[in-house]
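# Breakdown of the fold
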Amino acid sequence: MTVAVEKPEPAQQVADTAPELKNPRRKVTRPMMVGAILVVWLVLFAVLRGKQTLTLAAADLTGLHRWFNDLNDSIGADRNSNPLFLYFFNEIRLVIDNLVTFVQDLISQPSGDRPLPQIGWLGVVGITGFVSWAVGNWRVALLAMAGFAFFGLQGLWQESMDTLALTLSAVFVALVFAIPLGVWAGLSDRFNRIITPFLDFMQTMPTFVYLAPLTLFFLIGPASAVIATVIYAAPPAIRITAHGIRSVPETTVEAADSMGATRWQSLLKVLLPMAKRTVVMGVNQTIMAALAMVTIAALIDAPGLGKTVMQALQTLDVGTAFNAGLAIVVMAIVLDRVTTASSTRAEQARNSTGRFLKWRRPLLGSGAVGVVVLIYLSHTYLWAAQFPGDGGTGTHITNAANSVTAWVQDNLSGITNAFRNTLTNGLLNPFQSLFTDSPWWLVGAALIGMAVVLGGWGTGVTTAVCVGLLVGTGLWSDAMTTLASTLVATVLVMVFGIALGVWMGRSTVVDRLLRPTLDAAQVMPPFVYLVPFLALFGPTRFTAIVAAVVYAVPVAIKITADGVRAVPETTVEAATAAGCNTWQIITKVQLPMARSALTLATNQGLIYVLSMVVVGGLVGAGALGYDVVAGFSQSELYGKGLAAGLAIVLLGVMFDRITQAAARRTSA
Amino acid sequence: MARHWRTGAAGLAVLGLTLTACGGAKVGDTSSGSGSSSGSSAKCGTFNLAVNPWVGYEADAAVVAYIAQHQLGCTVNKKDLKEEIAWQGFGTGEVDAVLENWGHDDLKKKYITGQKTAVEAGQTGNKGIIGWYVPPWLAKAHPDILNYKNLNKYASEFKTSESGGKGQLLDGDPSYVTNDAALVKNLKLDFKVVYAGSETALIQAFRTAEKNKQWVIGYFYEPQWFLSEVALKKVALPAYTTGCDAVASKIACDYPVYDLDKIVSAKFAKSGSPAYNLVKNFNWTNEDQNTVAKYIAQDKLSDDAAAKKWVDANQAKVDAWLK
């Protein structure tokens with residue numbers, strides 16, 4: 001769940017940009033230039049308001065959108081005769097379908113003549129405990145077993161196993177591609193440069209855009225769900241593996257070379273073992289990303305917990321949705337802790353006493369025998385195959401969640417409405433009209449100007465390209481509406497992120513209390529809390545902003561906390577000795593020294609907010625999010641939805657490059 | 001150390017044996033019970049039923065699937081899909097039937113007349129009504145609001161933070177048929193269409209509005225389970241006449257009453273499956289659907305339990321479908 005490692009580039013590129021920074025002719029400071037750009041923008045806005053805004057009505061299309069539609073139709077029309085389908089996509093589909101069905105037969109679905117899967121709950125819990133213990137330690141093994149038993153108590157055993165089956169298959173397929181690609185990107189700078197834009201694209205393109213085409217290519221079924229998940233979940237593993245390979249000290253590799261190791265030997269015996277820990281963190285991130293896709297994949301009939309959430313949403317049944325969402329959270333926490341423990345196990349084992357190591361092998365052996373017995377039992381006997389009880393705990397959770405929601409809705413909606421109206425009318429509406437009512441070239445010029453000031457000429461060129469392409473999508477006005485909401489949400493994310501992050505970074509107790517909540521907020525499907533938010537704030541842009549803040553704030557808090565904690569203790573002590581009070585230490589020492597962490601937090605906060613644009617479209621945010629949802633729902637709007645997805649990617653790339661370049665400058 | 005190892009293994013073996021001894025019912029034993037009903041069913045085979053995401057459809061699907069499974073012995077695969085993807089599934093063989101289609105002339109053109117992968121299978125008997133609705137308290141407090149001509153009088157009451165100074169007309173899920181933007185323009189109403197983006201958002205808006213006596217007007221439709229919780233009132237628009245909705249941008253009349261119909265894949269229609277016969281004959285009233293939808297949405301019954309409850313009480317209707 002620590003996404004901080006996802007963007008490893010800044011550290012390496014500092015060296016490249018450093019010379020440019022030594023440019024001596026800077027007497028005008030950066031804030032002054034930003035201010036100047038804003039003043040010019042505001043003046044021209046007042047004069048030119050409402051001209052050349054490039055608006056497009058909800059049902060209108062441009063030539064590009066129609067072209068996308070035709071493309072989509074023609075692919076669909078010759079699906080059954082095209083050899084590409086017959087011999088390529090169908091084969092891929094068969095392989096993946098068989099893989100998923102195999103895992104499902106094992107743990108979740110009736111297989112063959114059996115009314116139940118091959119391995120029942122007792123066997124699965126046993127395997128989980130054993131594997132967690134073998135790769136991690138006994139503490140995570142207990143946690144894992146308790147977590148899995150909890151699914152049964154919730155009355156969601158089969159749904160959870162379906163989700164697990166799909167997630168494991170998707171992670172497996174993702175890693176088969178991601179690890180080799182990651183190694184390649186780690187070894188070759190050129191390949192890394194080629195693949196990075198593709199990874200950005202895969203991570204920021206809204207899934208809604210490619211769900212419908214995927215079912216055309218790979219049919220409705222597990223294969224499409226797995227591939228949709230892989231597209232989203234593979235990039236972190238590729239990036240982090242590459243980062244791990246790059247972080248191996250060059251001297252070590254040179255030493256291996258000088259001893260006459262071949263390329264393969266130095267890869268297999270030096271690079272991979274030394275990068276192992278980082279690679280496992282990549283696997284961890286891929287698992288988390290795969291779990292984030294559970295609810296969306298349910299839209300194309302992927303079985304499991306996501307379906308429960310989506311179906312409960314149709315009847316606004318928050319309790320049931322929350323219960324299923326909680327199961328996803330528990331699964332994410334279990335898988336996260338197990339993979340994290342496995343990444344640190346080797347070191348811990350080296351540090352622990354020899355006695356334990358001597359015992360480990362026989363203990364593992366007898367554990368394996370025990371697991372085989374459990375599997376046999378759960379295969380044979382009903383009590384071990386089907387989880388006993390009727391999911392009473394789940395009913396309690398459902399009822400509790402329902403009554404909490406009802407209380408909140410009854411008692412808070414007056415206050416929340418006033419709050420929403422103040423913020424929308426006072427901040428969001430004026431800010432948005434600055435973007436949407438200015439002529440497009442003015443906004444574009446301002447954005448490019450900002451990019452040049454904050455990130456340098458290279459970033460300015462990237463931004464100019466993005467602005468040009470945004471105009472090309474035909475959705476300029478919608479993109480500006482989304483941009484305004486995104487920026488407001490990001491400001492809120494940073495306000496909360498810094499406040500809570502500093503608190504968490506300064507106190508280990510707070511950290512320990514807050515962290516599980518943050519983990520839960522990050523993996524709880526947003527669909528679960530949309531209904532209560534809708535009740536509080538109505539279908540408005542504000543609701544979308546609140547949902548995005550809830551989703552993005554944990555990342556910002558975690559990165560800020562890590563940054564604050566990384567400030568050397570001696571520095572803080574020196575400041576204390578010099579008579580600084582707590583407030584001064586925070587504002588004059590810790591925050592300035594954690595500046596690059598703060599920029600990274602802003603970067604990640606923005607990207608996370610942007611990934612909620614489509615969810616926002618479901619609760620009244622309109623603009624690009626709505627365009628994407630509409631494109632997914634109506635064939636005539638497909639092209640427009642695709643264009644809106646591209647616009648979101650462009651906004652993401654633009655933000656990412658500007659904040660990263662700014663981060664490089666501040667840390668230099 | 002070898003001794004420990006042996007003791008451990010022996011202990012586990014004993015444990016295993018004990019557990020086995022008190023084992024109880026075996027997995028295979030139960031399968032004969034539930035499997036027997038599917039014994040007579042070699043003919044039907046699998047039946048892939050699309051389930052579009054609204055509760056009324058879920059009710060249709062629950063009943064049809066229940067009958068297909070228990071009275072015809074089919075293996076029913078329900079697939080949760082949006083309309084567009086479900087229709088796409090006709091061509092790929094992944095979907096056999098769509099049970100409640102709302103117009104969708106665009107999809108009919110593409111898949112029935114164009115690709116010829118789908119065919120119509122008659123009406124469901126349900127009448128689909130689309131229109132603008134207000135919460136009951138509002139209709140009671142200001143009865144004249146139920147005529148569109150008076151809407152401008154109240155436009156300022158419907159203002160929200162999203163509607164840019166005009167009255168807000170709330171629209172829901174983008175997959176549903178809507179002419180609202182054109183209607184607002186052509187009826188010269190001082191309103192702006194605001195897209196809530198999902199049915200969930202729309203229902204929650206009406207629910208809050210009724211509870212807190214707020215002013216809300218929005219797109220809604222019948223049959224819908226929510227109407228039995230909050231009986232929204234429909235606003236009268238200029239009456240529908242044949243052809244008044246021919247040009248999308250010029251529409252200034254109410255929505256037609258949709259005769260909801262069933263669509264099946266061309267292959268399924270020719271298959272001779274008893275499930276096709278069932279789908280073709282399936283026909284019930286709005287009340288029937290509302291009853292089952294209420295079992296699912298408000299009484300929280302599972303699809304199967306809801307269907308069983310209705311089928312047990314209406315076997316005569318079911319028998320007519322099975323002829």
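Residues numbered from 1 in each chain as written. Chains lettered and ligands numbered in written order. Predicted model: local features only at pLDDT ≥ 70, side-chain atom pairs only at ≥ 80, totals over all residues.

Moving on: the pairing of strand β2 (residues 75-80) of chain B. Residues and elements named next belong to chain B. The sheet contact formed by strand β1 (residues 46-51) and β2 spans six bridges and is parallel. When the sheet's bridge partners are listed, T46 is paired in β2 with T75. In terms of handedness, the path from β1 via helix α3 (residues 55-70) over to β2 forms a crossover that is right-handed. (Pairing = 2+ DSSP bridges. Helix = DSSP H or I, 4+ residues; strand = E, 2+ residues; numbered from the N terminus. Right-handed = clockwise from strand over helix to strand, strands pointing away.)

Here we take up helix α13 (residues 303-313) of chain B. All names here are of chain B. Every buried residue of α13 is listed here: D303, A306, A307 and W310. In an axial view of α13, the angular spread of the buried residues amounts to 95 degrees, which keeps them on one side of the axis. Residues of α13 that are exposed and angled more than 90 degrees away from the buried face: D312 and A313. Those residues of α13 hidden inside the fold are in contact with α3 and α12 (286-297). (Buried ≥ 20, exposed ≤ 12 C-beta atoms within 10 Å, placed from the backbone. Arc of directions from axis to C-beta. Contact = placed C-beta atoms within 7 Å.)

The next thing to look at is the confidence of the model for chain A. Taken over all residues, the pLDDT of chain A has a mean of 84, while the share at 70 or more is 93%. Within the model, pLDDT remains below 50 along residues 1-22 of chain A, and this stretch shows 37 contacts once partners closer than five positions in the same chain are excluded. (pLDDT = per-residue confidence, 0-100.)

On to the nonpolar core, then. Most often, soluble globular proteins have nonpolar side chains that are buried together. In terms of nonpolar packing, the biggest core is built from 296 residues, with A:A647 and B:V64 touching the most fellow members. Not counting the four nearest positions on each side in its chain, B:V64 is found in contact with B:L49, B:L99, B:L278, B:V279 and B:F282. (Core = buried A, V, L, I, M, F, W, Y, C linked by C-beta atoms within 7 Å.)

This next bit is on the packing of helix α9 (residues 207-218) of chain A against helix α10 (residues 222-247) of chain A. Residue and element names in this part refer to chain A. Two numbers describe how α9 lies on α10: the axes approach to 9 Å, and their chain directions differ by 140 degrees. By the angle class used here, α9 and α10 are oblique. With respect to the hand of their crossing, α9 and α10 are arranged in right-handed fashion. Counting all contacts with α9, which are made through T207, Y210, L211, L214, T215 and F218, the residues of α10 involved are A223, S224, I227, A228 and Y232. (Axes fitted to C-alpha atoms, helices over the stretch in contact; angles between N-to-C directions. Parallel < 35°, antiparallel > 145°, perpendicular 65-115°, else oblique. Left-handed = near helix turned anticlockwise from the far one by under 90°.)

Another point: the domain arrangement of chain B. Residues and elements named next belong to chain B. Structurally, chain B comprises domain 1 (43-127 + 258-322) and domain 2 (128-250). Once you take the C-alpha centre of each, domain 1 and domain 2 turn out to be 29 Å apart. Domain 1 puts 18 residues into the contact, and the matching count from domain 2 is eleven residues. When contributions to the side of domain 1 that touches domain 2 are tallied by element, the ones reaching two or more residues are α3, β4 (118-134), β9 (258-265) and α12. For the side of domain 1 that touches domain 2, the element with the highest residue contribution is α12, accounting for six residues. Looking at the side of domain 1 that touches domain 2, its residues break down into seven nonpolar, seven polar and four charged. (Domains from an automatic or database assignment. Nonpolar A, V, L, I, M, F, W, Y, C, P; charged D, E, K, R; others polar.)

Between chain A and chain B, the residue contacts involve 61 residues of the former and 55 residues of the latter. Contributions of two or more residues to the side of chain A that touches chain B are made by α3 (63-77), α9, α14 (305-314), α16 (354-380), α17 (382-385), α18 (392-436), α23 (526-537) and α29 (623-633) of chain A. Ranked by the residues each element gives to the side of chain A that touches chain B, the list is headed by α16(A), at seven residues. In terms of residue class, the side of chain A that touches chain B is made up of 33 nonpolar, 20 polar and eight charged.

Residues and elements named next belong to chain A. If you check the domain split of chain A, you get domain 1 (3-15 + 30-68 + 398-667) and domain 2 (82-390). Here domain 1 and domain 2 have C-alpha centroids that lie 30 Å from each other. With 32 residues of domain 1 in contact, the opposing surface of domain 2 contributes 35 residues. If you list the elements that add at least two residues to the side of domain 1 that touches domain 2, you get α18, α22 (508-523), α23, α29 and α30 (638-667). The leading source of residues in the side of domain 1 that touches domain 2 is α30, at eight residues. In the side of domain 1 that touches domain 2, the residues fall into 21 nonpolar, eight polar and three charged.

Looking now at helix α5 (residues 121-135) of chain A. Residue and element names in this part refer to chain A. If you check α5, its first and last C-alpha atoms are 21 Å apart, about what 15 residues at 1.5 Å a residue would give, namely 21 Å. Within α5, twelve of the 15 residues are buried, leaving the element largely enclosed by the surrounding structure. Among all positions in α5, only W121, L122, G123, V124, V125, G126, I127, T128, G129, F130, S132 and W133 are buried. (Expected span 1.5 Å × (residues − 1).)

With that out of the way, let us pick up the packing of α10(A) against helix α12 (residues 263-292) of chain A. All names here are of chain A. Where α10 meets α12, the axes come as close as 8 Å, and the angle between the chain directions of the two elements is 160 degrees. With respect to α12, the axis of α10 lies roughly antiparallel. In this structure, α10 meets α12 at a crossing whose hand is right-handed. Residues T229, Y232, A233, A234, P236, A237, I240, T241, H243, G244, I245 and S247 of α10 lie in contact with α12, whose contacting residues are L271, A275, T278, V279, M281, G282, V283, Q285, T286, A289 and A290. Class assignment of the residues belonging to the contact of α10 with α12 gives a composition of 14 nonpolar, nine polar and no charged.

Moving on, we come to unusual backbone geometry. A cis amide bond links B:E222 with the next residue in sequence, B:P223, at an omega value of -5 degrees. Summarising the element assignment, B:P223 is placed in the loop between β7 (217-222) and β8 (233-235). For A:D301, which is not glycine, the phi dihedral falls at a positive 75 degrees. For A:D301, the location among the structural elements is in the loop between α13 (294-297) and α14.

Residue and element names in this part refer to chain B. The element strand β3 (residues 97-101) is largely enclosed, with a buried count of five among its five residues. Summarising the sheet, β3 and β9 pair through three bridges and their orientation is antiparallel. Looking at β9, one finds that N101 is bridged to D261.

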